[in-house]
Amino acid sequence: MLHQMGSHGPAYYQRYPAAFRRFTPTCDSNQIQDCDHQALINTYDNSLLYTDDMVSRTIDKLKSLSDRFNVALIYLSDHGESLGEHGMYLHGAPYLFAPSQQTHIPLLLWMSPGYADAYHIDQACLRRQASQDAVSQDNLFHTVLGMFDIQTGQYQPQLDMIKSCQSPR
């Protein structure tokens, strides 16, 4: 389990090292509403570049372990961010009023071929499902329970993102 600050505002400029300052100019302030809009977007995008790099390096590390272990990774953001759309910044608006920038978030599931084989998971099925089905943070709990084969009355297989692409063990 890893937890990162990610692209959490308002201090986006503090969420990446200098080597990832590729989009310029940037908004190097906590007072993001006072920044040029493009500079704010550039700063946020730089934080995304760094997050992408961190996830990539984590997957590379897991790949290096996959000859000895069945490994998998789930990356999920806890929320999105508004960068001035409709005059809104940051996150936390009530769901009914929140723009899609706050409610549509990234989710990535990666697994080694050994993991997929050991747990009888059809990865092509997962790719098809990902392109067609909407999922939410509600799916995370049940997917993790399913991945660890934890038996509990709280588990709802219809919310497990993997279950429908898995043949019986």
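Up top is the structure.
Summary of the structure given here. What you see is a predicted model; the values in this text were computed from it and never measured.

Another aspect to go through is the nonpolar core. In terms of nonpolar packing, the biggest core is built from 9 residues, these being M111, Y115, A116, I121, C125, L126, M147, I162 and C165. Elements supplying a minimum of two residues to this core: α3 (113–118) and α4 (123–132). The contacts of Y115, once residues within four sequence positions are left out, are N70, V71, A72, I121 and M147. Among the nonpolar cores identified, the runner-up in size contains 8 residues, and L62, V71, L73 and W110 belong to it.

Further remarks concern the layout of surface pockets. Of the pockets and cavities examined, the largest pocket occupies roughly 1,300 Å³. Lining the largest pocket are 40 residues, and of these M1, L2, I74, Y75 and L76 lie nearest its centre. Mapped by element, the contributors of at least two residues to the lining of the largest pocket are α1 (37–65), β1 (72–76) and α5 (138–147). No other element matches α1, which puts 8 residues into the lining of the largest pocket.

Scanning all chains against the criterion turns up 3 salt bridges. Between D28 and R21 there is a salt bridge, and its shortest N-O distance comes to 4.0 Å. On the basis of relative accessibility, which here comes to 46%, the residue D28 falls in the partly exposed class.

Topologically, Y13 is positioned in the segment before α1. Taking the relative accessible area as the measure of exposure, Y13 reaches 24% and is therefore partly exposed. Excluding residues that lie within four positions of it along the chain, Y13 makes contacts with C27, D28, S29, N30 and T43. Within polar-contact distance, the side chain of Y13 engages the side chain of Q14 at 3.5 Å.

Now for the environment of L76. Tracing the backbone through its elements, the reader meets L76 in strand β1. Using a relative accessible area of 24% as the deciding quantity, one classes L76 as partly exposed. Linking L76 and L109, residues 33 residues apart in sequence, is a C-alpha distance of 8.7 Å.

Cut-offs used in this document
Residues numbered from 1 in each chain as written. Predicted model: local features only at pLDDT ≥ 70, side-chain atom pairs only at ≥ 80, totals over all residues. Heavy atoms only, no water. Core = buried A, V, L, I, M, F, W, Y, C linked by side-chain atoms within 4.5 Å. Buried < 20%, exposed > 50% of the residue type's maximum accessible area, 1.4 Å probe, protein only. Helix = DSSP H or I, 4+ residues; strand = E, 2+ residues; numbered from the N terminus. Contact = heavy atoms within 4.5 Å. 1 Å grid on protein atoms, 1.4 Å probe; cavity = no way out; pocket = protein on both sides within 12 Å on 5 of 7 lines; lining within 4 Å. Points joined across faces, edges and corners; volume = space filled by probe spheres on them. Salt bridge = Lys/Arg side-chain N within 4 Å of Asp/Glu carboxyl O. Polar contact = N/O pair within 3.5 Å; in protein donor to acceptor, adjacent residues only side chain to side chain.

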